[in-house]
Protein chains: 2
Amino acid sequence: MPQDSFKQHLLSEFNIQFHNEELLREALTQRNYLNEHPDEPGRDYQRLEFLGDSVMQVSVAEYLFKRYPSWHEGQLTEMRIAMVQTRSFAHFSRVAHLNEGIRLGKGEEMSGARDRDSLLEDIWEAFIGALYLDQGSEAVRTFLDQTLFAAIDTDFFDRFIDFKSRLQEKLQKNGAVDIAYRTESEKQMIGNEQLFEASVSVDNRELARGTGKSIKDAEKVAARAALKLLEEK
Amino acid sequence: MPQDSFKQHLLSEFNIQFHNEELLREALTQRNYLNEHPDEPGRDYQRLEFLGDSVMQVSVAEYLFKRYPSWHEGQLTEMRIAMVQTRSFAHFSRVAHLNEGIRLGKGEEMSGARDRDSLLEDIWEAFIGALYLDQGSEAVRTFLDQTLFAAIDTDFFDRFIDFKSRLQEKLQKNGAVDIAYRTESEKQMIGNEQLFEASVSVDNRELARGTGKSIKDAEKVAARAALKLLEEK
């Protein structure tokens, strides 16, 4: 039974066991499955997705608000938008093995919907909605600590953040300064890839360096490193 | 001290007293006030507004989810959008006397910002964010029960809901039916106003009637009454 192996994973990896298993089932039920099983009670995941969408919004907002006390609302908003990009939800649905538990219509199963990002994004929100109803906001937070929030400490969300603009904003807070990016080196890697090193300087004083597979990436990493230095001061 | 009369109103009307008064002060502080008082510690309301925005979203979503178990996600979404219309927030800011507690810059005070909807909308969200941090989601819910949620039982939000489409959707769920609206009467009122009565029928059987100051309003009220009858069955 695929449903059972999925539940064991939830328990062993995240210590989650639903009190009301019907909520979990509803979160993982796609509409055509119900059309094909008219005797099955219950609903599809869409109402729970409605609820889970705003549970995600507030969980992420509160997390960022408390974690980054020095960020202003524009920075908080930018990061929240990055984190509730539904495209990242598909990734975390797979991390939690939610895809294995979905009850799909036959046509959807045949066409590969079980691994389709759009479905997995919906399912993530529905699962969060179900967990919230079953166990409250604290349980949702604990689960997100192990998944979405853990990813903040990697560079998972960095691609969504404009670090160069943010650095500029910080440096020019008290008047104009001269910010310059320079490509310091360029290495040929295996497989036709290149690795660039970039530096960022303020008024001719180097602040930080970064490396990346493009000049743009290297500059972004340098800007991020410079921001980190400035925030630690 | 205007701050104090405002706090007494919060206590006597809503039984709200902040543990951390700085949160309340921050929620009611506009940026220019701080510019004019450089010795004052603290921030303006904008970070709390960021948090309160999503606290409003989830509070309303959860309320609707539980209150209307038969609504599908499209109907829930429509109503949530109606309820978190920020224009309604200005109204409730006044209901809670939040406007009296705002710390404004002088220029804003002179130009009448204290009674400006756009500011009162922001302040509502900031206040909700502060209340959430100070006393948790249950306290927010209790406060909303006395303000925003209470308004559901009046017709406050009805202007945002398309009852005619919703009735049509419900009636045609199992195939096409003939839905007809008819203006039954038209009365001349004092002050050049008119009062219309409209009926709605399905396959020539009258379902309900409604009255309003325009034919459109009367039909909407009739559709709402018909929906109520159908949901009670």
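Just so you know, these numbers come straight off a predicted model, no measurement behind them. Each residue is numbered by its place in its chain's sequence as written, counting from 1. Numbering of ligands from 1 and lettering of chains from A proceed in the order in which they are written. pLDDT decides what is reported in this predicted model: residues at 70 or higher carry local features, side-chain atom pairs at 80 or more are listed and counted, and totals for whole chains, interfaces and linings draw on all residues regardless. Heavy atoms throughout the structure, all of them, feed into the side-chain values; hydrogens and water do not.

*Asks:* Which parts of the structure should I look at to understand the interface of chain A and chain B?
*Replies:* Quoted interface sizes are often the accessible area lost when the parts come together. Contacts were defined at the residue level, with two residues in contact if any of their heavy atoms lie within 4.5 Å. Contact with chain A, which involves 27 residues of that partner, is made by 27 residues of chain B. Buried area: the sum, over both parts, of the accessible surface (1.4 Å probe) that disappears when the two are put together. Buried area between chain A and chain B, summed over both chains or domains, comes out near 2,400 Å², and the portion from carbon and sulfur atoms is 62%. A per-residue breakdown of the area chain A buries against chain B is headed by A:Arg47, A:Phe50 and A:Phe65, which together make up 35% of the total. For this analysis, a salt bridge means a side-chain nitrogen from Lys or Arg found within 4 Å of a carboxyl oxygen belonging to Asp or Glu. Taken together, chain A and chain B are joined by 2 salt bridges. Between A:Asp53 and B:Arg80 there is a salt bridge, with its nearest N and O atoms 3.7 Å apart. Pairs of N or O atoms within 3.5 Å make up the polar contacts considered here, provided that, within protein, one atom can donate a hydrogen while the other can accept it, and that residues adjacent in sequence are counted only when both atoms are side-chain atoms. On the surface where chain A and chain B come into contact, there are 13 residue pairs in polar contact (both at pLDDT 80 or more). Working definition: helices are DSSP H or I runs of at least four residues, strands are E runs of at least two. Numbering for both runs from the N terminus. Taken together, the elements giving at least two residues each to the side of chain A that touches chain B come down to helix 4 (46-67), helix 5 (73-83) and helix 9 (117-146) of chain A. By residue number, the principal contributor to the side of chain A that touches chain B is helix 4 of chain A, which donates 14 residues. For the side of chain A that touches chain B, the per-class residue count stands at 13 nonpolar, 6 polar and 8 charged. Residues are grouped as follows: nonpolar covers Ala, Val, Leu, Ile, Met, Phe, Trp, Tyr, Cys and Pro; charged covers Asp, Glu, Lys and Arg; every other residue, Gly included, is treated as polar.

*Asks:* Help me understand the UniProt feature "domain: RNase III" (unreviewed entry) in chain A, please; the structure alone is not making it clear to me.
*Replies:* The UniProt feature table records "domain: RNase III" (unreviewed entry) at residues 7-136 of chain A. Here residues 7-136 of chain A is 72% helix and 0% strand, with 19 Å between the C-alpha atoms at its ends. UniProt positions are given in the numbering used here, feature names are shortened, and annotations may be inferred rather than shown by experiment.

*Asks:* Teacher, can you tell me more about helix 10 (residues 163-171) of chain B here?
*Replies:* All names here are of chain B. Three labels apply to residues, based on accessible area from a 1.4 Å probe with only protein chains included: buried if under 20% of the type maximum, exposed if over 50%, partly exposed otherwise in between. Looking at helix 10, one finds that the buried residues are Phe163, Arg166, Leu167 and Leu171. Projected down its long axis, helix 10 shows its buried positions confined to an angular sector of 130°, all on one face. Those residues of helix 10 that are buried lie in contact with helix 5 (73-83), strand 1 (179-188), strand 2 (194-202), strand 3 (205-212) and helix 11 (215-232). Throughout, the arc means the angular range of directions from the helix axis out to the C-beta atoms.

*Asks:* How should I be thinking about helix 6 (residues 86-95) of chain A in this particular structure?
*Replies:* Quick reminder: α-helices carry 3.6 residues per turn. Residues three or four places apart thus point the same way. All names here are of chain A. Listed as buried for helix 6 are Ser88, Phe89, Ala90, Phe92 and Ser93. Among the structural elements, helix 4, helix 5, helix 7 (98-101) and helix 9 are those in contact with the buried residues of helix 6. His97 lies just past helix 6 and shows a positive phi near 60°.

*Asks:* Whenever I open this one, the pattern of salt bridges confuses me. Can you help?
*Replies:* Side chains that differ in sign of charge can pair as their charged atoms come close. All names here are of chain A. In the structure shown here, the tally under the stated rule is 32 salt bridges over all chains. Across the pair Arg182 and Glu184 runs a salt bridge whose closest N-O atoms are separated by 3.4 Å. Look at Arg182 and you get exposed, because its relative accessible area is 54%. When its relative accessible area of 27% is taken as the criterion, Glu184 is described as partly exposed. Within this structure, Arg182, Glu184, Glu197, Glu206 and Arg209 form a network of salt bridges that share partners.

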